[in-house]
Amino acid sequence: MSRARRQALGAFFGVILLLLVYRRYHPKDRQDDITKPAAALIPAQQQQNQQSSNGGSQSQFIWRDLPLRYPVVEIQQVPTESRHLRKIQSVNSEASQSIHSSQQARRSVIKETFERSWRSYQSLAWAADGLTPLSGTPTNTQGGWGSKLLETLDTLWIMEMYEDFERAVTAVMEINFEATSLPEINTYDTNIRLLGGLLAAYDLSNDERLLTKCVQLGDMLYVAFDTPNRMPIIHWDPHKASRHEEQLAEENILAAELGSFTLEFTRLSQITGDSKYFDAAQRVMELFHHQQRSTKLPGLWPVFMNPREGSFEGDEYTLGAEGNSLYKILPRAHALTGGQVPIYRKMYERATFAAAGHNLFQPMNHNTEDFLLSGSVRVLMTQNGKPRTHSQSQVHYRSCFAGGLFAYGGALFNIPAHKRLAHKLVDGCIWAHGAMLHGIMPEVMETVPCASQIHCPWNEWHWKQEAWKKANSLKLEGASDFNIDTFIKDHHFPKGFIGIPDATSKLRPDLIESIFVLYRTTRREDLLDKAWDLFQSLNNASETNYGNAAIVDVTFEGTLVT
């Protein structure tokens, strides 16, 4: 062999060797190898072809292909086995034939109500994020990705509206998660509403097309975790991310926003075989677990936290307001992972122990009924550096999820005390609805807390005295002529109420969800009528020409939506 040929051959092999070394150590390729699913359910070319056709425009990239600034060296694998878990649903009794007949009739009415709103959306706002129920105009506030379609898929399937489901899925397949007109998106909302809706619909229908969209959206959200400490960015700029510009996690966000990716990301890993999603959410929850006992109110996390520093220094602790989605996932995550991730049971038990001792209280009521509500706690530091707790009897509607939390955890972990608390908490929110003029609980209310969760006799003088103190703290004009009875009447306070800071109703699902969970775990039959009464009250007060609207003032005697 000539010298020239030997040199050429050596150069060729040298190039090959350099390419192999580059392939082995280049960060992008190493991350691709790490995050590739064990079983490639959706080939890369298929994803590219699908995304290129979305929205009728050529996509310039796919989220999975973006290189990460802070790749994970070793991904935690999603559990594939399951321990023997207790059954959640009660099998103690079957509903009687009369109950079954009445439930069938009620289901028909509820389906008609849903169909009415759905037809309005179909005709006036198809593929938009939503429809304003008063004006009938479309809105796009959730990325412009048709969030209403994604959120409604599982409902269409459950209500056996299969033709509508098929049309909706066809529209969903046109969504392009690489394009949005919004300068930023809320990844928390996108996860629980859009990805959660897709996953629920896929689990119900086994439609493989939805799995494709689950992966596309999951890959987009996964990029928001690309920060130095792997804490996700909640208010995230997808445009900067697509240009590979660095973004940092915020310094002050709701703790629940950071801690509510677990269910969706775990399920996505389970159905794709790609553990990167589970790993991303698990790293966040490990931070919550490690610091749970070192907050100012050990066992609970403050409403606000600093994800950039990974610290929980807030003063306010509540199950309501914006904290509900964080706590409700704990027993569900334990069940979803088959009991193979012990921290979820630990976090649930610590949180509920602290909440039962600090947040739950019995409100004084004129019928002396035995029920509980969930308030908030503020922890302030004294001059000698010791914490002092201040319980507040302000109740947010979102805290009505607590009954379902204790019902689910009590059944899953066989904790009798939690089962009893579940009944009391659900009954408390049912009482709050029934006490109001239209049978609708306001977004925020204040009551008179009793010193004991067990014994709480009615005292009308004490109630009016507390109402007077509350009114006096507002520094009302003309206080010299102040009359507490007039004040109570003018503000439409039911007996036991001393304030309604927010008289609106956002038609939230927290109480109806708790009633559902408690009924399924106990078969307590009166809850069926309670749920029906609640539905009727809300529907009658909120119905509009195009659907159902939020209620301006639940204390007002006239029309409640404007």
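Please clarify how the overall build of the protein chain should be interpreted in this entry.
Within the protein chain one finds 20 helices and 14 strands. The buried share of the protein chain, taken over its 562 residues, is 50%. Taking all contacts inside the protein chain whose residues are at least 6 apart in sequence as the whole, residues at least 24 apart take part in 71%. When the accessible area of the protein chain is evaluated, it comes to approximately 26700 Å², of which 52% is carbon and sulfur surface.

Please clarify how the state of the cysteines should be interpreted in this entry.
Formally, a disulfide is one covalent bond, and it connects the sulfur atom of one cysteine to the sulfur atom of another. Applying the stated criterion to the full structure yields 2 disulfides. There is a disulfide in this structure between C400 and C429, and the S-S distance comes to 2.1 Å. Between C400 and C429 the sulfur-sulfur dihedral comes to about -95°; the bridge is accordingly left-handed. Remark: C429 occurs in helix α16 (residues 416–435) and C400 occurs in the loop between β12 (394–396) and α15 (402–413); sequence separation between them is 29 residues. When sorted by exposure, C400 lands in the same class as C429, which is buried. One disulfide in the model links C450 with C456; its S-S distance is 1.5 Å. For the protein chain, the bonded cysteines connect in the pattern 1-2, 3-4 when numbered consecutively along the sequence.

Just to check I follow, could you spell out the packing of helix α7 (residues 187–205) against helix α8 (residues 208–223) for this structure?
Helix-helix packing is described using two parameters, namely the angle between the two axes and the distance between the axes. Contact geometry of α7 with α8 gives a least axis separation of 9 Å together with a crossing angle of 160°. Between α7 and α8, the interaxial angle falls into the category roughly antiparallel. Between α7 and α8 the crossing geometry is left-handed. In this structure, α7 contributes T187, T190, N191, L194, L195, L198, L199, A201, Y202 and S205 to the contact, and α8 contributes E208, L210, L211, K213, C214, L217, M220 and L221. Among the residues forming the contact of α7 with α8, the class breakdown is 12 nonpolar, 4 polar and 2 charged.

Rules of the game
- Residues numbered from 1 in each chain as written.
- Predicted model: local features only at pLDDT ≥ 70, side-chain atom pairs only at ≥ 80, totals over all residues.
- Heavy atoms only, no water.
- Helix = DSSP H or I, 4+ residues; strand = E, 2+ residues; numbered from the N terminus.
- Buried < 20%, exposed > 50% of the residue type's maximum accessible area, 1.4 Å probe, protein only.
- Contact = heavy atoms within 4.5 Å.
- Areas by Shrake-Rupley, 256 points an atom, 1.4 Å probe, with all protein chains shown as cover.
- Disulfide = S-S within 2.5 Å.
- Axes fitted to C-alpha atoms, helices over the stretch in contact; angles between N-to-C directions.
- Parallel < 35°, antiparallel > 145°, perpendicular 65-115°, else oblique.
- Left-handed = near helix turned anticlockwise from the far one by under 90°.
- Nonpolar A, V, L, I, M, F, W, Y, C, P; charged D, E, K, R; others polar.

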